[in-house]
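Structural characterization, general
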Amino acid sequence: MILAPMQGLTELLFRRTYEECFPGAIRLAISPFLSLTHGITQRREFSLEAVRFADVWPAANRGSIPVVPQILGKEPEEFVALANALADAGYSEVNWNIGCPMRAITAKHRGSGILPYPDEVRALLEAVMPRMRAKLSVKMRLGLKDKGEILALVPVLNDFPLASVAIHPRLGRQQYTGQCDLDAFCQAADRLRHRVIYNGDITSAADAQRVHERWPQVAELMVGRGVLSNPTLPLELAGVSFSEAERHTAACRLIRRLMEAIGERYGTSESAVRKAKEYWCLLWHSLPVSEVQARQVLRAGEWEAVDKMVKEMTQ
Ligand SMILES: Cc1cc2nc3c(=O)[nH]c(=O)nc-3n(C[C@H](O)[C@H](O)[C@H](O)COP(=O)(O)O)c2cc1C
């Protein structure tokens, strides 16, 4: 199973803490995206130092879930510079994000904004792939506005030696609303010559089973929110069963270790409180707490109060 990239959530702090609590449960993670535009300095030059490299810094990632860095953007020169810097840092694969649904990003034909334009996808791949020292994989949606977009892209993607294609079967304009479209996923996956990874709304072994039944050739599953709301899910997908009490114990341990890691990294600042609440919002579903208790934590203002409540509720 692959951990899906989630900006602000599946960053190094989480990946390291998760691996410490559940060693080996997750085979691989895709990092939250490194944006090429973050690398453009005020003088409109590209600077690798300006890219937020820290999350994938190899030394810092030692002992964490193995990670494939993800790039968001479509400027070929900058793409090659970043991909090759990552290759030099020891990464054998980088991932291209052509699924991000945020309007500010799609408006510039980045993320899922490039999906209606197969020529632009081809131009980028043609320009970068022969010059890259790492393999390239892709993470995408069905389209920006129309699920026919992925079918027009399949022949383009098939012309390049991609390591894999991960598909989240929603449209960019849906963001995260509506159902994942398994029919459209199967249609595209049938035509792709690459390893195809399924991503979207997997929250139980039964969900995973449904995907495998619909498309048995699926190479692997990629899971995001499902792991953050039930941290034993990766083990459950591998066939391990947990009682509710065991799930609670495992989730309590993870949130307590996350709180410690957040405290070490952010002190008692507002950022620490924000970060703790972001994880709490998803993780409390696996904890032995009621919705009323969960809301109490979300209403607390100071780090000390949040920390004390979480400790008391997860003993
Ligand atoms: C808060 C948040 C941040 C995300 N950040 C990224 C990202 O940096 N790169 C990316 O490719 N997808 C990103 N995604 C999409 C997820 O990787 C994934 O495709 C989506 O959550 C569906 O999978 P899930 O249902 O298993 O969570 C993000 C999603 C969320 C909710």
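Note that this is a predicted model, so its numbers are computed, not measured.

Calculation notes
- Residues numbered from 1 in each chain as written.
- Predicted model: local features only at pLDDT ≥ 70, side-chain atom pairs only at ≥ 80, totals over all residues.
- Heavy atoms only, no water.
- Helix = DSSP H or I, 4+ residues; strand = E, 2+ residues; numbered from the N terminus.
- Buried < 20%, exposed > 50% of the residue type's maximum accessible area, 1.4 Å probe, protein only.
- Contact = heavy atoms within 4.5 Å.
- Domains from an automatic or database assignment.
- Buried area = accessible area lost by both parts, 1.4 Å probe.
- Salt bridge = Lys/Arg side-chain N within 4 Å of Asp/Glu carboxyl O.
- Polar contact = N/O pair within 3.5 Å; in protein donor to acceptor, adjacent residues only side chain to side chain.
- Near = heavy atom within 4 Å.
- Areas by Shrake-Rupley, 256 points an atom, 1.4 Å probe, with all protein chains shown as cover.
- Nonpolar A, V, L, I, M, F, W, Y, C, P; charged D, E, K, R; others polar.
- Pairing = 2+ DSSP bridges.
- Right-handed = clockwise from strand over helix to strand, strands pointing away.
- Axes fitted to C-alpha atoms, helices over the stretch in contact; angles between N-to-C directions.
- Parallel < 35°, antiparallel > 145°, perpendicular 65-115°, else oblique.
- Left-handed = near helix turned anticlockwise from the far one by under 90°.

The helix and strand inventory of the protein chain stands at 14 helices and 10 strands. Taken along the three principal axes of its C-alpha coordinates, the protein chain extends 55 × 50 × 30 Å. In the protein chain, buried positions account for 55% of the 315 residues. Of the contacts made within the protein chain by residues no fewer than 6 positions apart, 74% connect residues no fewer than 24 positions apart.

The next thing to look at is the domain arrangement of the protein chain. In terms of domain boundaries, the protein chain breaks down into domain 1 (2-237) and domain 2 (244-313). Inter-centroid distance (C-alpha atoms) of domain 1 to domain 2 is 28 Å. On the side of domain 2, 18 residues touch domain 1, which itself brings 16 residues to the contact. Approximately 1600 Å² of surface area, both sides summed, lies buried where domain 1 meets domain 2, with 65% of it carried by carbon and sulfur atoms. Inspection of the region where domain 1 meets domain 2 yields three salt bridges. In this structure, the salt-bridge partner of Glu236 is Arg247, at a minimum N-O distance of 2.9 Å. If you look at where domain 1 meets domain 2, you find seven residue pairs in polar contact (both at pLDDT 80 or more). Of all the elements in the fold, those that place two or more residues in the side of domain 1 that touches domain 2 are α1 (12-21) and α9 (225-229).

This part takes up the site of the ligand. Residues in close proximity to the ligand total 17 residues, the closest being Pro5, Gln70, Asn199, Asp201 and Arg225. Between an oxygen atom of the ligand and a side-chain N or O atom of Asn199, the distance comes to 2.6 Å. Relative to its unbound accessible surface of 610 Å², the ligand loses 86% to contact with the protein. Of the residues belonging to the shell around the ligand, the class tally is seven nonpolar, seven polar and three charged.

With that settled, consider the side chain of Asn199. Counting through the fold element by element, Asn199 comes out in strand β9 (residues 196-199). By relative accessible area, Asn199 is classed as buried at 9%. With residues near it in sequence (within four places) discarded, Asn199 still touches Ala4, Lys139, Ile167, His168, Pro169, Met222 and Val223.

In this section: the pairing of strand β6 (residues 93-98). In terms of burial, β6 is a largely internal element, six of the six residues being buried. The side-chain alternation of β6 yields two buried faces, one formed by Glu93, Asn95 and Asn97 and the other by Val94, Trp96 and Ile98. Relative to β6, strand β5 (residues 70-72) runs parallel, the two being bridged by two bridges. Looking across to β6, one finds that Ile71 is bridged to Trp96. Assessed by its sense of winding, the connection that carries the chain from β5 through helix α3 (residues 76-88) to β6 is right-handed. By the bridge criterion, six bridges tie β6 to strand β7 (residues 135-143) in an arrangement that is parallel. By the bridge assignment for β7, Glu93 is matched with Lys135.

On to the packing of helix α13 (residues 291-299) against helix α14 (residues 303-313). Closest axis-to-axis distance for the α13/α14 pair is 9 Å, and the angle between their directions is 155 degrees. The orientation of α13 relative to α14 falls into the category roughly antiparallel. Handedness of the α13/α14 crossing: left-handed. Contact with α13, carried on its side by Gln293, Gln296 and Val297, involves Val306, Met309, Val310 and Met313 of α14 and no other residues of that element. Class assignment of the residues belonging to the contact of α13 with α14 gives a composition of five nonpolar, two polar and no charged.

Turning our eyes to something else, we now look at the side chain of Arg110. Examined against the element boundaries, Arg110 turns out to sit in the loop between α4 (103-106) and α5 (118-128). Those residues within four positions of Arg110 in sequence are excluded, and the remaining contacts are Thr37, Gly73, Lys74, Glu75 and Ile105.

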